[in-house]
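The lines below spell out each chain.
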Amino acid sequence: LQARGEDLFQREPAALLECFALLQQHPEIKGIEAETLRALWRERPRIDGAFRKDPRNQAVFMGILRGDRWVVRALRLMNQYGILGRYLPAFRRIVGQMQFDLFHVYTVDEHILNVVRNLRRFAVPNFAHEYPLCSRLMDDFARPEVLYLAGLFHDIAKGRGGDHSELGARDARRFCLRHGLGREDTDLVAWLVRHHLLM
């Protein structure tokens, strides 16, 4: 993927997210051209509060989560290039954060992306044989992006002090309301994050 001009992200900050949507929609594109990647890296600070509140950018991010393929690929690339943590400031705090216990072998950000990957596999028919019940349940679920959001937020408050489930549920609720999710979906995401340790 190559930007048409070196100043693309200055002129059109929304392209900072849109390029990942393009990568998701076109799996034949293998990566981002070096000059474009340098410009992307340089312009990351443009992802600020105003950027996050812009309905156009919110729609692009939710479109990535609602995509019918390559959801996790897009999220991983966004994390790798420092975009995911800019868009989700709470996520930025846990990038590279180690966990010292018997349950986690990955950094918090990698653990979260693996959880989303596992949820995503339940939605892909090619993997239905792995966990048939989970795949059937996911198949009956109208809006799988709601579950992906719960996965994305379940450990996002690790290391902040306090109950990370409660803090993460508050972050998730705020995110969902700002991104136009309905009350029922917002309540479900927050509930799943709050109670994920029971599961």
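About the thresholds
- Residues numbered from 1 in each chain as written.
- Predicted model: local features only at pLDDT ≥ 70, side-chain atom pairs only at ≥ 80, totals over all residues.
- Heavy atoms only, no water.
- Helix = DSSP H or I, 4+ residues; strand = E, 2+ residues; numbered from the N terminus.
- Rg over C-alpha atoms; globule rule 2.2 N^0.38 Å.
- Buried < 20%, exposed > 50% of the residue type's maximum accessible area, 1.4 Å probe, protein only.
- Contact = heavy atoms within 4.5 Å.
- Areas by Shrake-Rupley, 256 points an atom, 1.4 Å probe, with all protein chains shown as cover.
- Lys, Arg positive; Asp, Glu negative; His and termini not counted.
- Charge placed at Lys NZ, Arg CZ, Asp CG, Glu CD.
- Phe/Tyr/Trp six-rings, centres within 6.5 Å; stacked < 30°, edge-to-face > 60°.
- Patch = residues over 30% accessible without salt bridge, like charges linked within 9 Å, V, L, I, M, F, W, Y side chains within 5 Å.
- Salt bridge = Lys/Arg side-chain N within 4 Å of Asp/Glu carboxyl O.
- Polar contact = N/O pair within 3.5 Å; in protein donor to acceptor, adjacent residues only side chain to side chain.

## Overview of the overall build of the protein chain
Part 1: A tally of regular secondary structure across the protein chain gives 13 helices and 0 strands.
Part 2: In the protein chain, the order of α-helices and β-strands from amino to carboxyl end is α-α-α-α-α-α-α-α-α-α-α-α-α.
Part 3: Taking 16 Å as the expected radius of gyration for a compact globule of 199 residues, we find that the protein chain reaches 17 Å, a close match to that expectation.
Part 4: Expressed as a percentage of the 199 residues in the protein chain, the buried residues total 46%.
Part 5: Across the protein chain, the fraction of contacts at a sequence separation of at least 24, relative to all contacts at a separation of at least 6, is 67%.
Part 6: Total accessible area on the protein chain is roughly 10900 Å²; 54% of this is exposed by carbon and sulfur atoms.
Part 7: When the 30 basic and 25 acidic side-chain charges of the protein chain are each reduced to a single mean position, those positions are 3 Å apart.

## Description of the environment of Ile-64
Part 1: Mapped onto the fold, Ile-64 is located in helix α5 (residues 55-65).
Part 2: Ile-64 gets classed as buried once you look at its relative accessible area, which sits at 0%.
Part 3: Taking the C-alpha atoms as reference points, Ile-64 and Glu-145, 81 residues apart in sequence, are found 9.2 Å from one another.
Part 4: Apart from the residues within four sequence positions on either side, Ile-64 is in contact with Leu-17, Phe-20, Ala-21, Gln-24, Val-71, Ala-74 and Met-78.

## Examining the packing of aromatic side chains
What characterises a pair of aromatic rings is the spacing of the ring centres plus the angle enclosed by the ring planes.
Part 1: Summed over all chains, the structure comprises 6 aromatic pairs.
Part 2: A ring pair is formed by Phe-20 and Tyr-81, whose centres lie 6.4 Å apart and whose planes are at 35°; its orientation type is tilted. On the criterion of sequence distance, the pair formed by Phe-20 in helix α2 (residues 15-25) and Tyr-81 in the loop between α6 (71-80) and α7 (84-87) is long-range, its members being 61 residues apart.
Part 3: A residue is classified by how much of its surface remains accessible, and Tyr-81, at 15% relative accessible area, is buried.
Part 4: Summarising the aromatic geometry, the rings of Phe-122 and Tyr-131 are spaced 5.9 Å apart at their centres and angled 80° between planes, so their arrangement reads as edge-to-face.

## A short note on a nonpolar patch on the surface
Part 1: A cluster of nonpolar side chains, contributed by Trp-191, Leu-198 and Met-199, occupies part of the molecular surface with about 420 Å² of accessible area.
Part 2: By secondary structure assignment, the location of Met-199 is in the segment after α13 (183-194).
Part 3: Residue classification places Met-199 among the exposed residues on the basis of a relative accessible area of 63%.

## Structural notes on the environment of Val-60
Part 1: Position of Val-60 among the secondary structure elements: in helix α5.
Part 2: Sequence-wise, Val-60 and Ala-3 are 57 residues apart; in three dimensions their C-alpha atoms are separated by 18 Å.
Part 3: Here Val-60 is in contact with Leu-17, Glu-18 and Ala-21, once residues within four sequence places are set aside.

## Things to note about the side chain of Arg-120
Part 1: Looking at where Arg-120 falls in the secondary structure, it is placed in helix α9 (residues 108-122).
Part 2: Asp-68 provides the closest opposite charge to the buried, unpaired Arg-120, separated from it by 6.0 Å.
Part 3: Separated by 2.6 Å, the side chain of Arg-120 and the backbone oxygen of Asp-68 make a polar contact.
Part 4: Within polar-contact distance, the side chain of Arg-120 engages the side chain of Tyr-148 at 3.1 Å.

## As for the pattern of salt bridges
Part 1: One pass over the full model with this rule turns up 15 salt bridges.
Part 2: Asp-185 serves as the salt-bridge partner of Arg-143, at 2.7 Å between the closest nitrogen and oxygen. You can see Arg-143 sitting in the loop between α10 (132-139) and α11 (144-153) and its partner Asp-185 sitting in helix α13, a full 42 residues away along the chain.
Part 3: Taking relative accessible area as the criterion, Arg-143 reaches 36% and is therefore assigned partly exposed.
Part 4: Asp-185 gets classed as buried once you look at its relative accessible area, which sits at 11%.
Part 5: Among the ionic pairs, Asp-155 bridges to Lys-158, the shortest N-O distance being 3.6 Å. Accessibility assignment for this pair places Asp-155 and Lys-158 in one class, buried.
Part 6: Three or more residues are tied together by salt bridges with common partners; here these are Glu-12, Glu-18 and Arg-56.

Limitation: the analysis is restricted to geometry and does not speak to function.
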